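# Summary of structural features
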Amino acid sequence: MALTKDDVAGIAEYARIALTEAELSDMTTYMNDAIDLLEPILGYDLDDVEPTFHPIGELANVARDDVPVAGLTLGEALANAASWRERSFLVPQILADGGAA
Amino acid sequence: MTSLDTLTARQIAAGIAAGDFTATEVAHAALDAISARDASTQAFLQVSENLALEAAAKTDAARAAGESLPPLAGVPVAFKDNMNLLGTRTTCASRMLETYESAYTATCVQRMLDAGATPLGKLNMDEFAFGSTTDSSAFHPTNNPWDITRVPGGSSGGSAAAVASGQVTLALGSDTGGSIRQPASLCGVVGMKPSYGAVSRYGVVAFGSSLDQAGPLGRSVEDVALAMNALTAGGRDRLDATSQNCAQDHLAHLEDPIEGRAVGIIPALLEAEGLASEVRTAILDAADKLASAGAHIVEVDLPNMASSIAAYYVLAPCEAFSNLARFDGVRYGYQEPRCTTLAEQSSLSRAHGFGPEAKRRQMLGAYLLSSGVYEKYYLAAQKVRTLITADYQRAFAQVDAILMPASPTVAWEHGAISDPAALYLADVFTISNNIAGNCGISVPVCLGADSGLPIGAQLQGPAFADAQLLTFARALERACHMEGIVAPAFAGKGGELA
């Protein structure tokens, strides 16, 4: 079943990408075209096939020796932030209702 | 007078070591070539003149001190702009990262510098590597040096165009679904996608983490092999958990004969819809040339390759959505002003920082990872990945390499294909290689009989048989006589060594 504009608006909210009304129409067309392109993988009987999540099958977690090494300085870490104050990244309020609810 | 157009990477390094010219003279010649040529190609996003001259001076000082020089000493190189290099911005050709200053240097970039290369700057690309034209760069398109009304391919279009127009001797690109091999084919240069894990991804801005691989582009297989030596020197990178120890001399067997070796072709693939007849003819001719060099041409089949586009356009958008979630305008990147909540700031920063294709890919990924849809598409795609990988294993039990096109057509005019889904279909010959983690390379074989534009033949090899693949690529290059060519409209314009 094709995705509707309302469906796509919900995905946009989840993806945190604000779309204009015109973008929403174009995106709905695109999404349905792209999903049509994916049809070939739905024709397989894959019950007995193991998924391959990664081309290198035997990955192991790696951890370096537990010794301190220099990382980014505070200034370097903040250098690319658009908004910062003292030692912190600065953001608007997190709760839409101001946290009163 | 010597021009950089006519020198290989090895000849540049040897000339500096012998005192025929200095690394500083080479750097000035490269800067001169960029100045004379890049207004037409628009391959560069930044030219790092100061970094280039500093590196060249260091090379010259080492020679003056009697030190032995590294293998790429003084060789002009530039990097796709998704690779971090201290002292440059790393924009991914996106408004989102327009002002982002690299906080560190990517391992692949550092290894080229450690090998003595001179960094000339950062190269244009499709935004965040989403595309196959370089037209989706937020800043400007890049033009194909063989015909500037046409695309260079993508997403590493700046890398291919800079090498093809003789502005640099080597460039690095990244390849998630063909983004080195396809532009290399369209621009008439050699472009190698190494096996997944052969080259560290540390410091390369992630698109699809299980698919991305950085690799070199050059005007000859030997130059690319030299770059592979540099990229794999030092072995495994502890900063990338997927990095493997692939250090070896990729030049050691480059000139080996291929007599008695087996090269696969896939007959059904050469009948694929949309494959231009001049490309088909070029690939069949390449097979004849390999046969003349003594190779056995063997028909093989990759029966699930037809589903690779579908599998890829599930896996890649999902991984992209996950990777690009970090761009929320807080720690770096574009930040929408005057927002009242964090959610509003994130949504508007992402809406106005990302371009259309970056938004499309993330939206598709978000949908495919949502509850209920995940099982239907994502899990199925990972299972189809198992089938595609098994197909390759069966084929490589019969042959050492597989020959096929890198692109179904030669370069097309800017704007000629505007439907995103139609563009995705053009990836048919490249993406299964990324899905399986194998190595691949595009080698220019001829100018198209109809178009007069470059055509590349792609050779694919098993994972971690990169050096062996280069042997086949060199054999093809020897037979086709297309090495070292700078696009005619640019050859000789600047770039002379005084």
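Residues numbered from 1 in each chain as written. Chains lettered and ligands numbered in written order. Predicted model: local features only at pLDDT ≥ 70, side-chain atom pairs only at ≥ 80, totals over all residues. Heavy atoms only, no water.

### Let's talk about the overall build of chain A
The helix and strand inventory of chain A stands at 3 helices and 2 strands. Ordered by position from the N terminus, the helices and strands of chain A form the series α-α-α-β-β. In terms of overall size, chain A is more extended than a compact globule, its C-alpha atoms giving a radius of gyration of 23 Å where 101 residues would be expected to give roughly 13 Å. In terms of its C-alpha atoms, chain A occupies a principal-axis envelope of roughly 55 × 45 × 30 Å. The proportion of buried residues among the 101 residues of chain A is 27%. Residue pairs in contact within chain A that sit at least 24 positions apart in sequence constitute 20% of those at least 6 positions apart. Approximately 7200 Å² of chain A is accessible, and the part contributed by carbon and sulfur atoms is 52%. Side-chain charges in chain A split into 5 positive and 19 negative, and the spacing between the mean points of these groups amounts to 20 Å. (Helix = DSSP H or I, 4+ residues; strand = E, 2+ residues; numbered from the N terminus. Rg over C-alpha atoms; globule rule 2.2 N^0.38 Å. Buried < 20%, exposed > 50% of the residue type's maximum accessible area, 1.4 Å probe, protein only. Contact = heavy atoms within 4.5 Å. Areas by Shrake-Rupley, 256 points an atom, 1.4 Å probe, with all protein chains shown as cover. Lys, Arg positive; Asp, Glu negative; His and termini not counted. Charge placed at Lys NZ, Arg CZ, Asp CG, Glu CD.)

### Some words on the packing of aromatic side chains
This model, assessed by the stated rule, comprises 14 aromatic pairs over all chains. By the ring-pair criterion, three or more aromatic residues cluster together here, those being Tyr100, Phe128, Phe327, Tyr332 and Phe354 of chain B. The aromatic ring of Tyr30 of chain A is capped on one face by Arg360 of chain B, whose charged end is 5.7 Å from the ring centroid. (Phe/Tyr/Trp six-rings, centres within 6.5 Å; stacked < 30°, edge-to-face > 60°. Lys NZ or Arg CZ within 6 Å of the ring centre and 35° of its normal.)

### A few points about the domain arrangement of chain B
Residues and elements named next belong to chain B. Along its sequence, chain B is organised into domain 1 (2–269 + 271–301 + 393–497) and domain 2 (308–384). Using only C-alpha atoms to locate each centre, domain 1 and domain 2 end up separated by 28 Å. Residue-level contacts link 26 residues of domain 1 with 23 residues of domain 2. Summed over both partners, the interface of domain 1 with domain 2 comes to about 2300 Å²; 69% of that surface belongs to carbon and sulfur atoms. Looking at the side of domain 1 facing domain 2, the largest losses of area belong to Met96, Phe130 and Tyr424, adding up to 34% of the total buried there. The tally of links from domain 1 across to domain 2 stands at 12 residue pairs in polar contact (both at pLDDT 80 or more). Those elements that place two or more of their residues in the side of domain 1 that touches domain 2 are helix H13 (420–425) and helix H14 (431–436). (Domains from an automatic or database assignment. Buried area = accessible area lost by both parts, 1.4 Å probe. Polar contact = N/O pair within 3.5 Å; in protein donor to acceptor, adjacent residues only side chain to side chain.)

### Some words on the pattern of salt bridges
Residue and element names in this part refer to chain A. Applying the stated rule across the entire model yields 19 salt bridges over all chains. Residue Glu21 pairs with Lys5 through a salt bridge whose shortest N-O separation is 2.7 Å. Of the two residues, Glu21 is situated in helix H2 (residues 21–37) and Lys5 in helix H1 (residues 5–15); the sequence distance between them amounts to 16 residues. Glu21 gets classed as exposed once you look at its relative accessible area, which sits at 51%. (Salt bridge = Lys/Arg side-chain N within 4 Å of Asp/Glu carboxyl O.)

### Comments concerning the nonpolar core
All names here are of chain B. Met112, Leu403 and Leu459 are the most contacted members of the largest nonpolar core, which totals 177 residues. Per-element accounting of this core gives the leading share, 12 residues, to helix H9 (residues 308–324). Of the residues that make up this core, three or more belong to each of domain 1 (2–269 + 271–301 + 393–497) and domain 2 (308–384). Sequence-distant contacts of Leu459, that is, excluding residues within four places in its chain, are made with Val263, Leu290, Ala401, Ile402, Leu403, Cys439, Gly440, Ile441, Leu469, Phe472, Ala473 and Leu476. Core analysis: the second largest hydrophobic core is formed by 5 residues, Val151, Leu186, Ala411 and Trp412 among them. (Core = buried A, V, L, I, M, F, W, Y, C linked by side-chain atoms within 4.5 Å.)

### Looking at the packing of H2 of chain A against helix H11 (residues 356–368) of chain B
Two elements in contact, H2 of chain A and H11 of chain B, have axes whose closest approach is 10 Å; the angle formed by their N-to-C orientations is 60°. As the angle between them shows, H2 of chain A and H11 of chain B are arranged oblique. Crossing geometry of H2 of chain A relative to H11 of chain B is assigned as right-handed. Within the contact between the two elements, H2 of chain A uses Glu23, Met27, Tyr30, Met31, Ala34 and Ile35 of chain A and H11 of chain B uses Lys359, Arg360, Arg361, Met363, Leu364 and Tyr367 of chain B. (Axes fitted to C-alpha atoms, helices over the stretch in contact; angles between N-to-C directions. Parallel < 35°, antiparallel > 145°, perpendicular 65-115°, else oblique. Left-handed = near helix turned anticlockwise from the far one by under 90°.)

### Describing a nonpolar patch on the surface
Together, Val91, Ile94 and Leu95 of chain A give the surface a local cluster of nonpolar side chains, amounting to about 270 Å² of exposed area. When you line up the elements, Leu95 of chain A lands in the segment after strand S2 (88–89). (Patch = residues over 30% accessible without salt bridge, like charges linked within 9 Å, V, L, I, M, F, W, Y side chains within 5 Å.)

### Quick notes on the pairing of strand S3 (residues 76–80) of chain B
Along any regular strand the residues' side chains alternate between the sheet's two faces. Residues and elements named next belong to chain B. Most of S3 sits inside the fold, with 5 of its 5 residues counted as buried. Here 5 bridges tie S3 to strand S4 (residues 118–123), and the two strands are oriented parallel to one another. Bridge assignment links Ala78 to a residue of S4, and that residue is Gly121. Each parallel crossover has a hand, and the one from S3 via helix H4 (residues 107–114) to S4 is right-handed. Pairing analysis gives 3 bridges linking S3 to strand S5 (residues 170–174), with the strands arranged parallel. When the bridges of S5 are listed, Val77 appears paired with Leu170. (Pairing = 2+ DSSP bridges. Right-handed = clockwise from strand over helix to strand, strands pointing away.)

### Here's the deal with the interface of chain B and chain A
Tallying the contact residues gives 66 residues for chain B and 51 residues for chain A. Both sides of the chain B and chain A interface together cover about 4900 Å² of buried area, and 71% of this is carbon and sulfur. Along the contact surface separating chain B from chain A lie 1 salt bridge. As a salt-bridge pair, Lys359 of chain B and Glu23 of chain A come within 3.0 Å of each other at their nearest N and O atoms. The interface formed by chain B and chain A contains 17 residue pairs in polar contact (both at pLDDT 80 or more). If you tally residues by element for the side of chain B that touches chain A, the top one is helix H12 (residues 373–396) of chain B, at 13 residues. For the side of chain B that touches chain A, the class distribution of residues is 36 nonpolar, 19 polar and 11 charged. (Nonpolar A, V, L, I, M, F, W, Y, C, P; charged D, E, K, R; others polar.)

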